[in-house]
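# Structural overview
Letter by letter, the chains look like this.
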Amino acid sequence: MLKVSNIAVSLDEKDYAKVIANTLNIRKSQVKNVKIAKKAVDARRKNKVHFNMGFTFEYVDEDQLLKTHSKQVSKVKEYHYDKLTPNNQTIMVVGSGPAGLFCAYNLARSGQKVILIEQGKCVDERKKDIDTYLETGKLNTQSNVQFGEGGAGTFSDGKLTTGIKDYRKQFVLNTFYEHGASEDILYLNKPHLGTDVLINVVKNIRKDIEKCGDVRFETKLVDIIIEDNQLKEVVLENNEGTYKEKVDQLVLAIGHSARKTYEMLYQKQLEISQKAFAVGMRIEHSQEFINKNQYGKFYDHPALKAADYKLAVHTSQKRGVYTFCMCPGGYVMNAASEEKRLVVNGMSNYKRDNKYANSAILVNVTPNDFGSSHPLAGMYFQRKLEEKAFELGGSDYSIPVQRVEDYLENKETSLKRVKNANLNALLPEILNINLKEGLLLMNNKINGFTSDATLLGVESRSSAPIRFYRDDNMESNIKGIYPIGVGAGYAGGIMSSAIDGLKCSEVLLKGER
């Protein structure tokens, strides 16, 4: 099997064997079993939008073709991610987001005894609770957009992009595909799963974990027993009460919204430090506007899916303002998880076929903004913003919204069927100043970006406000405890979290990553 890369392919071309034959100057009839290996939209020139693609294929004389086209053609290498060797220890993983899910999955597929606990509900019951909340405003603080099977990423766009280079990425993609994701995640340049698909994927992964492991929903870690700086027992709480359990190793994949757990772990002397993060709002445009800007005259071509964008600027005050988790054809989600606090997030289904696009617009904040040296000061900073968002939304969990142009001019908005608010009252003034400047700078990159657009607030949980200490083998200052993923301050999305979980599973069974 051979691979050829970096071929410009027109939007209307579907005969990929012909494309390969023309590129390599060989007979089409000798090109067999063509599969897409890579596919990305190249829209740098709006008058010539096309795909940049790579393919795997078979050829009658592969060795000869490798000699004559050594710069274009390569041999396909088989991918292997070996199973680990189990031991007789009991490992507990706390949290079923991508970090915890992949840590537990890799342990279970290796035959290791593992217990996966999740304070929220299984994904089907979780979706019912979310639907009830969105319809009635009745919030379940243990089962919502942040908490439950699959973690916060389940009710998002399901992006699988990451800037890190790691051989484990292919295993993550393969695992998602084998458990129900679309095959295109294996070759798209910007793969995504979509919430509607993720719901079944995480459920299927969990079923495989259950073949060797124990998965417990509605079970919360409420305390840890430590002796001589070593984990001895954990204290768990479920619907029947509180109980203790002996575990040898505890993996904390608790997510960035597990604030009560943060506070408990701080009291137990786990080493925690402040971390810079970012806050802001969601901005919503029509998807047609984004498509026209990104694809030009090809904006409605059937071969092109909903366009995305990624923007980053620096203000005159040296603050970074950037877009994050852009959701083409998506929805702004009411993602509250605490009473009388409101937060928003973005979500897309697999087809990304909603007529609106949304993205977070974030401003960098540093510990200097927190007003305290307390390790959890960033978390308390987030809470204040979310309390203000709840108040601006009418104190009934309605999302406060404002037209971008009115936000920039600090005047009232009048929109129908939403809770109008002046979002200048939401963020500290220093952040408002930088966010406004950032929006205007982005408008220079996408003409009309600040016109006919809506802001919704507050986006405060793009990443964790803290970082747990861990050594080179991912162990905390307390022996036997391993903090991982976004909530520990070591990842930034589904893919990087899943990889962090895999690394931790390797440490637990091999002693190294």
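Residues numbered from 1 in each chain as written. Predicted model: local features only at pLDDT ≥ 70, side-chain atom pairs only at ≥ 80, totals over all residues. Heavy atoms only, no water.

## Re the environment of Glu-412
Counting through the fold element by element, Glu-412 comes out in the loop between helix H10 (404-409) and strand S20 (419-420). Along the sequence, Glu-412 and Val-93 sit 319 residues apart, while their C-alpha atoms lie 48 Å from each other. (Helix = DSSP H or I, 4+ residues; strand = E, 2+ residues; numbered from the N terminus.)

## Description of the packing of helix H3 (residues 98-109) against helix H6 (residues 195-209)
It is the contact of H3 with H6, at a shortest axis distance of 9 Å, that shows an interaxial angle of 35°. The two elements H3 and H6 meet at a crossing, and its hand is left-handed. Seen from H3, the contacting residues are Leu-101, Ala-104, Tyr-105 and Ala-108; seen from H6, they are Val-202, Ile-205, Asp-208 and Ile-209. (Axes fitted to C-alpha atoms, helices over the stretch in contact; angles between N-to-C directions. Left-handed = near helix turned anticlockwise from the far one by under 90°. Contact = heavy atoms within 4.5 Å.)

## Section: empty space enclosed by the protein
Space left empty within the atom packing is revealed by a probe, the size of a water molecule, rolled over the atoms. All chains considered together, the criterion is met by one cavity of 30 Å³ or more. Its boundaries defined by the atoms lining it, the largest cavity holds a volume of some 70 Å³. Looking at the largest cavity, the residues that line it are Gly-97, Pro-98, Leu-101, Phe-102, Gly-150, Gly-153, Thr-154, Phe-176, Leu-198, Val-202 and Ile-494. When residues of the lining of the largest cavity are traced back to their parent elements, those giving at least two are H3 and H6. Ranked by residue count, the leading element in the lining of the largest cavity is H3, at three residues. For the lining of the largest cavity, the residue count by class is seven nonpolar, four polar and no charged. (1 Å grid on protein atoms, 1.4 Å probe; cavity = no way out; pocket = protein on both sides within 12 Å on 5 of 7 lines; lining within 4 Å. Points joined across faces, edges and corners; volume = space filled by probe spheres on them. Nonpolar A, V, L, I, M, F, W, Y, C, P; charged D, E, K, R; others polar.)

## A closer look at H3
Between its terminal C-alpha atoms H3 stretches 16 Å, which fits the 16 Å expected from twelve residues at 1.5 Å a residue. Burial analysis of H3 places eleven of its twelve residues in the buried class, the great majority of the element. Listed as buried for H3 are Pro-98, Ala-99, Gly-100, Leu-101, Phe-102, Cys-103, Ala-104, Tyr-105, Asn-106, Leu-107 and Ala-108. Turning to H3, the residues buried within the fold contact strand S5 (91-94), strand S6 (114-118), helix H5 (168-178), H6, strand S11 (249-252) and helix H12 (494-510). Looking one or two residues past H3, Gly-111 carries a phi angle of roughly 90°, positive in sign. (Expected span 1.5 Å × (residues − 1). Buried < 20%, exposed > 50% of the residue type's maximum accessible area, 1.4 Å probe, protein only.)

## Brief notes about the sheet that holds strand S23 (residues 481-483)
If you trace the five strands from one edge of the open sheet to the other, you get S7-S6-S5-S11-S23, paired in parallel fashion. Strand pairing shows two members of the sheet lacking a second neighbour, strand S7 (214-217) and S23, which therefore form its edges. Neighbour-to-neighbour, the strand axes of this sheet turn through a mean angle of 15°, independent of strand direction. Of the strand pairs in this sheet, S5 and S6 are connected by four bridges, and their pairing is parallel. Directly across from Val-94, in S6, lies its bridge partner Ile-117. On the sheet, H3 packs against S5, S6 and S11 and is oriented at approximately 160° with respect to S6. (Pairing = 2+ DSSP bridges.)

## Digging into the pattern of salt bridges
For the structure shown, the criterion picks out 37 salt bridges. Between Lys-190 and Asp-308 there is a salt bridge, with its nearest N and O atoms 3.2 Å apart. With Lys-190 in the loop between H5 and H6 and Asp-308 in the loop between helix H8 (287-295) and strand S14 (312-314), the pair connects residues that are 118 residues apart, well separated along the chain. By relative accessible area, Asp-308 is classed as partly exposed at 24%. Close ionic contact of Arg-383 with Glu-263 constitutes a salt bridge, the shortest N to O distance being 3.5 Å. (Salt bridge = Lys/Arg side-chain N within 4 Å of Asp/Glu carboxyl O.)

## Details of the sheet that holds strand S2 (residues 31-42)
Read from one edge to the other, the open sheet built from four strands follows the order S2-S3-S1-S4, with strand pairing classed as antiparallel. Of all the strands in the sheet, just S2 and strand S4 (73-75) have a single pairing partner and so form its edges. Each strand of the sheet is rotated relative to its neighbour by a mean of 25°, with strand direction disregarded. Sheet topology places S2 next to strand S3 (residues 50-59); nine bridges connect them, and they run antiparallel. Looking across to S3, one finds that Lys-35 is bridged to Thr-56. Relative to S2, helix H1 (residues 16-24) is tilted by about 85°, and along the sheet it contacts strand S1 (2-9), S2, S3 and S4.

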